[in-house]
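Structural description and commentary
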Amino acid sequence: MVSMLIAVGSLTLIGLTLGTVLGAAARKFAVKEDPLEEELKAMMPGSQCGQCGYAGCSQYAAALAKGEAAITLCAPGGKPLVEALSAKLGVAADLSDMEDKGPEHAYIIEDLCIGCTRCIRECSTDAIMGANKLMHTIIVDACHGCSKCVKVCPTDAIVMVQYPMTLANWHWPKPEIENTPPKPALVHAQ
Amino acid sequence: MKLFPIRGGIHPEYRKDMTSEKAIVAMPMPAALYIPLQQHIGAPAEVLVAEGDLVRKGQMIARNQGAVSASQHAPTSGRITSVAEVAAPHPSGLPQKTIIIEPDGKDEWADLPEPIADPFAADPHTIHDRVAQSGIVGMGGAAFPSAVKLNLGAQKKLETLLLNGAECEPYLTCDDRVMREYPDEVIDGARIMAHALGTAKVVIGIEQNKPQAIEIMTRAAAAFPEIKVVAVPVQYPMGSERHLVQAITGRETPARKLTADLGIVVHNVATARAVHHAVRFGRPLVARVVTVSGGAIREPSNVMTPIGTKVSDLVEFCGGFSARPESVVNGGPMMGQPLPSLDVPVVKGTSGILAMTAEEINNSPTSACIRCGACVTICPCGLSPVDMAAFIRKDNLDVAAKLGVMDCFSCGSCSWVCPSHIPLVHYFNYAKGVLRELESERRKSERIKTLAEVRTIRIEKAAEAKRAALAAKSKPAADAAPPGGETKATTEEKVNA
Ligand code: SF4
Ligand code: SF4
């Protein structure tokens, strides 16, 4: 009983002390939020996968706001994000070598999975289900296609696949360019 | 009854006389039936049978799942040969899960639910349940589960059930024939639906180009003072819910609202007949009348077709092709969708199968917009097709969305009227598809963000708990020492470690 009281008491004390210290620190070292940074943060996928080389989306957004990072680093964001960033920041991006593969999700080849759970620990959105020594599966709805799990799998059991075309997501393609008067074939001068 | 004008609209050549005087004929049972799990708006039904099972006519073979869905029933007795992926009656030709039945030729009914003895004394819920159990969907083409629409009475104050017998699409005459041949069944179904909805009035709207149907329905409705048959002007797209409501009440349904918000629920006439069968006889929806027409069909007809019949079988029953069809369309020529093949089944929403020759189709080459404004004048939704298409062509979908492209219901009037043959409605179909896709991506990324946040919080909590556990463990050792600075140091060490 006594030791329990001591434990509770000391923890409360720790909490209070740390709280005060942190509170004071927060006030003392308060950083002015950069509105641009906030805006960029909102554009990021927000899945904190770290594929860009930064700790998470906010850190990448901060680096972008300072103009320190390239706009093409976010894998899950893909081409649409690069285009949006390019428009927002006024930075030209070379999209030519960035093919738009369309969104992908991870898929576990069940025969190859040894149930090591490494992928589960890697996934930032809890999209992998499974237990130690048991086969794992991807919850496609929660997968955002960062492909981090592919890299850690010791047996190469995870592959990235395209979303299948179904009746639910099919839509008409854009009509072909009509025979409007031909445009003069002028290229931009270098 | 005073009618109100609707905006825009067109007067295409109707070509209904190819089938309007042909009585409904039943076709013999084909060699196989293909019942897709999804023939309606909403979630696909869940399969209840497996390969080799013997089923009887009217037996439920797939159950509705989720709030908006519809069950499927065996259209005849026979054996389930498989549950497989079969091309859907859809312009993409993509496959969909489908139950395949081999009829045994006996056409034996299963034990059906008991008829509801006095539907007008029954609780509205009993009627909803029966309609849901019978797999009835809107038979005008939209295929929205009817039970869901019948439930609107529970949520909104309703005044009128508007029965849609306008049939404004050229070629189609199936609703016309149903009204002329089964007026009492349609009226009875309508009265039952009105009771379920809690509406005092029933208005049946029929375009003036169907004088016999108007006369027959008026006579059949004479005994019921609450029912009024109204002849509406011939003007495409009069059969659109919103426009029919506007013509009859003068009130416009605001964008992204339902006609039910104005106190009016619209159901198709063939749907009313299906409700009559379900309530009075316990029979689910297993067959429908389909108009098979077009210049390439040898004997254009109105055919009572078992659901799941292959379009090729249906065309063969109508004498096959007399000319090479340039295009085969599922539905009417204005809003129907081209079929990539005849190897697809007739479903609950199939009102017509049209095989049209090259002369019946306008394949003129597109030329530049001459800014005549014709499309703006006729758009029944008050949109500006020319501007929307221009932005969509430049991939500026955001602006198109601001101009209201999502309110376009693809009636096709603008494409029809455009002297430059610009495929306007095609642009809008494309844009709506992309915008919907972007919206669902946006929703997914929001979900992903939440998932990532939840995980971060959980990991932090776990780390905290570990720290706390460690701190508590190191406690007994430090028991002698007074709590305070020392303990704090220990914890901080742990944190830094
Ligand atoms: S297809 Fe759309 S834009 Fe064209 S007339 Fe119809 S509602 Fe208007
Ligand atoms: S009808 Fe055709 S040509 Fe006329 S304004 Fe519209 S798009 Fe242009």
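Residues numbered from 1 in each chain as written. Chains lettered and ligands numbered in written order. Predicted model: local features only at pLDDT ≥ 70, side-chain atom pairs only at ≥ 80, totals over all residues. Heavy atoms only, no water.

**Re the overall build of chain B**
Tallying secondary structure elements over chain B gives 15 helices and 17 strands in all. Considering only C-alpha atoms, chain B reaches an extent of 105 × 65 × 50 Å along its principal axes. In chain B, which comprises 497 residues, the share counted as buried stands at 51%. Across chain B, every contact between residues at least 6 apart in sequence was considered, and the portion connecting residues at least 24 apart equals 72%. (Helix = DSSP H or I, 4+ residues; strand = E, 2+ residues; numbered from the N terminus. Buried < 20%, exposed > 50% of the residue type's maximum accessible area, 1.4 Å probe, protein only. Contact = heavy atoms within 4.5 Å.)

**Digging into the pattern of salt bridges**
All told, the structure shown has 28 salt bridges over all chains when counted by the stated rule. Ionic pairing is found between D126(A) and R458(B), a salt bridge with its closest N-O pair at 2.9 Å. Of this pair, D126(A) sits in the loop between α5 (118-122) and β2 (128-129) while R458(B) sits in helix α14 (residues 424-477), placing the two residues on different chains. A salt bridge links R180(B) to D176(B); the nearest nitrogen and oxygen atoms lie 3.4 Å apart. Here the residue R180(B) and the residue D176(B) both occupy positions in helix α4 (residues 174-181), the gap between them amounting to four residues, near one helical turn. On the basis of relative accessibility, which here comes to 14%, the residue R180(B) falls in the buried class. Via salt bridges that share partners, E439(B), R442(B), R443(B) and E446(B) belong to a single interconnected network. (Salt bridge = Lys/Arg side-chain N within 4 Å of Asp/Glu carboxyl O.)

**Notes on the nonpolar core**
Side chains of a nonpolar character, in soluble globular proteins, are inclined to be buried together. Residue and element names in this part refer to chain B. Judged by nonpolar contacts, the single largest core of 45 residues is most densely connected at I204, I206 and M217. Among the elements that make up this core, the one with the highest residue count is helix α5 (residues 183-197) (eight residues). Here M217 is in contact with M179, P183, V186, I187, I204, I206 and V229, once residues within four sequence places are set aside. Membership of the second largest hydrophobic core comes to 42 residues, among which are A166, V203, M334 and I422. (Core = buried A, V, L, I, M, F, W, Y, C linked by side-chain atoms within 4.5 Å.)

**Observations regarding the interface of chain A and chain B**
Contacts between chain A and chain B engage 41 residues on the former and 42 residues on the latter. Buried area between chain A and chain B, both sides added, is near 3400 Å², and the carbon and sulfur share of it is 64%. Applying the counting criterion to the chain A and chain B interface returns four salt bridges. Among the ionic pairs, D141(A) bridges to R447(B), the shortest N-O distance being 3.8 Å. Connecting chain A to chain B are twelve residue pairs in polar contact (both at pLDDT 80 or more). Looking at the side of chain A that touches chain B, the elements with two or more residues in it are α1 (2-28), α2 (35-43) and α5 of chain A. (Buried area = accessible area lost by both parts, 1.4 Å probe. Polar contact = N/O pair within 3.5 Å; in protein donor to acceptor, adjacent residues only side chain to side chain.)

**Description of the site of ligand 1**
All names here are of chain B. Neighbouring residues of ligand 1: 14 residues in total, closest C379, C408, C411, G412 and C414. For the shell around ligand 1, the secondary structure elements donating two or more residues are α11 (385-393), α13 (413-417) and α14. The residue makeup of the shell around ligand 1, split by class, is eleven nonpolar, three polar and no charged. (Near = heavy atom within 4 Å. Nonpolar A, V, L, I, M, F, W, Y, C, P; charged D, E, K, R; others polar.)

**Thoughts on the site of ligand 2**
Near ligand 2 you find 13 residues, and of these C369(B), C372(B), G373(B), C375(B) and C418(B) are the closest. Residues of the shell around ligand 2, tallied by class, amount to ten nonpolar, two polar and one charged.

**With respect to the sheet that holds strand β5 (residues 60-63) of chain B**
All names here are of chain B. Strand order across the open sheet formed by three strands is β3-β5-β6, with antiparallel pairing between neighbours. Whereas interior strands pair on both sides, the edge strands pair on one side only; in this sheet they are β3 (46-47) and β6 (72-73). In this sheet, β5 lies alongside β3 in antiparallel orientation, the contact comprising two bridges. By the bridge assignment, E46 is partnered in β5 with R63. (Pairing = 2+ DSSP bridges.)

**Describing the domain arrangement of chain A**
Residues and elements named next belong to chain A. The assigned domain composition of chain A is domain 1 (35-89) and domain 2 (104-162). The distance between the C-alpha centroids of domain 1 and domain 2 comes to 25 Å. Facing five residues of domain 1, the contacting portion of domain 2 comprises seven residues. Both sides of the domain 1 and domain 2 interface together cover about 470 Å² of buried area, and 51% of this is carbon and sulfur. (Domains from an automatic or database assignment.)

**Brief notes about the confidence of the model for chain A**
All names here are of chain A. This prediction gives chain A a mean pLDDT of 78; 84% of its residues lie at or above 70. Per-residue pLDDT, averaged within each element of chain A, yields its smallest value for α1 (74) and its largest for strand β4 (residues 158-162) (91). Low pLDDT (under 50) marks residues 178-190, which in the prediction has nine contacts with non-local residues, meaning those over four places away or in another chain. (pLDDT = per-residue confidence, 0-100.)

**Brief notes about the packing of aromatic side chains**
One pass over the full model with this rule turns up two aromatic pairs over all chains. Seen in terms of ring centroids, Y54(A) and Y60(A) are 5.7 Å apart; in terms of plane orientation they differ by 25 degrees. Their pairing is stacked. A relative accessible area of 1% means that Y60(A) is categorised as buried. Measuring from centroid to centroid gives 5.2 Å for W170(A) and W172(A), while their planes differ by 65 degrees, and the two rings are edge-to-face. Across the ring face of F120(B), the terminal group of R191(B) is positioned such that the distance to the ring centre comes to 4.3 Å. We note R273(B) situated over the ring of Y182(B); from NZ or CZ to the ring centre the distance is 3.6 Å. (Phe/Tyr/Trp six-rings, centres within 6.5 Å; stacked < 30°, edge-to-face > 60°. Lys NZ or Arg CZ within 6 Å of the ring centre and 35° of its normal.)

**A short note on helix α3 (residues 57-65) of chain A**
All names here are of chain A. Buried residues dominate α3, accounting for seven of its nine residues. When we look at burial in α3, the residues that qualify are C57, Y60, A61, A62, A63, L64 and A65. Buried residues along α3 sit against α2 and α4 (78-89). Positive backbone phi, at 75 degrees, marks G67, one or two positions downstream of α3.

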